[in-house]
Each structure stands twice: as C-alpha cells, then as structure tokens.
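A closer look at the structure
These are the residues of each chain, in order.
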Amino acid sequence: MRIGMGYDVHRLTEGRELILGGVTIPYEKGLLGHSDADVVVHAIMDALLGAAALGDIGQHFPDTDPAYKGISSIALLEHVGKLLSDHQYVIGNIDATIIAQRPKLAPYREEMMQNVAKALQIDRSQVNIKATTEEGLGFTGTGEGISSQAICLLEEVENYRYSDVMNDGTGCPGCGGCVK
C-alpha cells in the first residue's frame, strides 16, 4: 500500500476560463498557468506520482516546455494513469479538496469526479472531490486564487491474486477452478 499527497495553487485572473476537474465553470475569472491551470487535477496528479515515487508534475510536464502550453490537465492525468499502469500500480482511491471562496462548486462536483475517473480508467466510486471556503481568510478567502489538496492510495499489482479480482466465490470465470 502506498499513499501520496498533492497540493497545487494558482492565481485567479481575468481573461481565462475557470477549469476545475476538467469542467469549465462559469465565472468572471480563471486560473493563471502554463496549462489550463486545473488545480484539482494538478493536486491529484502530484498525489498519484508521489505515491508511486515517480516525481511530480513539474518533472513530467515542465512549464518551460511549449508542448504543454494551454494543454488540458485531463490529458496530462491520462498520461499519469498510463505511467502508473506501466509501473504496475492500481489506484485504490483518490480524495481531493478544492479551496475557493467563490464560485460555489457543488453543482459541478459530480462531473469533476466522473472526468477524473474516466481519465484514469477507474470506477467513479474511487474518486471523491469536495470543496470548501476559508471563511474570507488568506489568498483563497480573498479571491486571489484557488488551491487544492489531494490524497490517494495505490496498490502494487503484485499484491493482488487473480482470484481476488476475478472470483465471485464460485470459481474462476474462465475455468471455474480458481478459489480464494
């Protein structure tokens, strides 16, 4: 079992779309960044990469590389999912918190969770995204920026047995012979 945590923050600015969890949210400001500046997806990526000891998003997607200018963070998350698979990791769960005074994010949370699950090819029940304010305190509370924190659990594929994943108690679906 491996646990990772991630954190990201971006300044709010005029003239940019606000994208969180791959959802474009109507708001007068967006987040400033080299990519689409999706803080929740960035925090999730750093949590996943950290749990797998594979560095961080700056190492994999440097903001000095023009290839990532304006790129969708969901596309980057798909790449992180492939890295995890290549290194034989299975995602147990992801829990993320978005910290923003405004806008209200409750109407968009379900779509965010679905986007993350789809990008990582995991079940929606493995992803939780919530939002909170800071009661007017700090840079998020005054509306200068938005931040996000995430934590995840990874398992190494070698820790699973075929019968753990494929068996409903009646035997292997292929031959009926595998048992727990």
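Presented here is an overview of the structure given in this document. Per-chain numbering applies: the sequence of each chain, read as written, is numbered from 1 onward. Confidence filtering applies because this is a predicted model: local features only for residues at pLDDT of at least 70, side-chain atom pairs given and counted only at 80 or more, and all residues used for totals across whole chains, interfaces and linings. Each side-chain value is worked out from all heavy atoms of the structure, with water and hydrogens disregarded.

Sheet topology note: the strand 5 (residues 89-99)/strand 7 (residues 145-156) ladder contains 10 bridges and is antiparallel. Among the inter-strand pairings, Ile-98 is bridged to a residue of strand 7, identified as Ser-148. Paired strands are those between which DSSP finds at least two bridges. Only DSSP runs of H or I with at least four residues qualify as helices, and only runs of E with at least two residues qualify as strands; both kinds are numbered from the N terminus onward. Sheet topology places strand 5 next to strand 6 (residues 127-132); 6 bridges connect them, and they run parallel. If you follow Ala-96 over to strand 6, its bridge partner there is Ile-129. The crossover handedness rule: strands pointing away from the viewer, path from first strand over the helix to second strand clockwise, crossover right-handed. Remark: the strand 5/helix 4 (residues 109-120)/strand 6 crossover connection has right-handed handedness.

Take the nonpolar core next. Only buried residues count toward a nonpolar core, which is a set of Ala, Val, Leu, Ile, Met, Phe, Trp, Tyr and Cys residues joined through side-chain atoms within 4.5 Å. Relative accessibility thresholds used throughout: buried, under 20% of the residue-type maximum; exposed, over 50%; partly exposed, between the two (1.4 Å probe, protein chains only). Judged by nonpolar contacts, the single largest core of 49 residues is most densely connected at Leu-20, Ile-44, Leu-48, Leu-77 and Ile-129. Mapped onto this core, the elements with two or more residues apiece are strand 2 (18-20), strand 3 (23-25), helix 1 (39-51), helix 3 (73-86), strand 5, helix 4, strand 6 and strand 7. Top element by residues in this core is helix 1. It accounts for 10 residues. Contacts were defined at the residue level, with two residues in contact if any of their heavy atoms lie within 4.5 Å. The contact partners of Leu-48, leaving out residues within four places of it in the chain, are Leu-77, Val-80, Leu-84, Ile-91, Ile-94, Leu-120, Cys-152 and Leu-154.

Okay, the sheet that holds strand 7 next. As summarised here, the arrangement of the 5 strands in space is 4-1-7-5-6, forming an open sheet in which the pairing is mixed. One side of each edge strand has no neighbouring strand; the edge strands of this open sheet are strand 4 (30-31) and strand 6. Inter-axis angles, ranging from 0 to 180 degrees, are taken between N-to-C directions of lines fitted to C-alpha atoms, where helices are fitted over the stretch in contact. Packing against the sheet, helix 4 makes contact with strand 5 and strand 6, and its axis sits at approximately 145° to strand 6.

Moving on, we get to the pattern of salt bridges. In the sections that follow, a salt bridge refers to a side-chain nitrogen of Lys or Arg positioned within 4 Å of a carboxyl oxygen of Asp or Glu. Applying the stated criterion to the full structure yields 4 salt bridges. The closest approach of N and O atoms between Lys-82 and Asp-86, which form a salt bridge, is 3.2 Å. On the criterion of helical spacing, the pair formed by Lys-82 and Asp-86 is a turn pair, its members being 4 residues apart in helix 3. Between Asp-95 and Lys-130 there is a salt bridge, with its nearest N and O atoms 2.7 Å apart. You can see Asp-95 sitting in strand 5 and its partner Lys-130 sitting in strand 6, a full 35 residues away along the chain. Given the relative accessible area of 25%, Asp-95 is considered partly exposed.

Note on aromatic contacts: the rings of Phe and Tyr and the six-membered ring of Trp form a pair at centre separations within 6.5 Å, being stacked when their planes are under 30 degrees apart, edge-to-face when over 60 apart, and tilted otherwise. In total, this model carries 1 aromatic pair according to the counting rule given. When the centroid spacing of 5.4 Å and the interplanar angle of 80° are considered together, the rings of Phe-61 and Tyr-68 count as edge-to-face.

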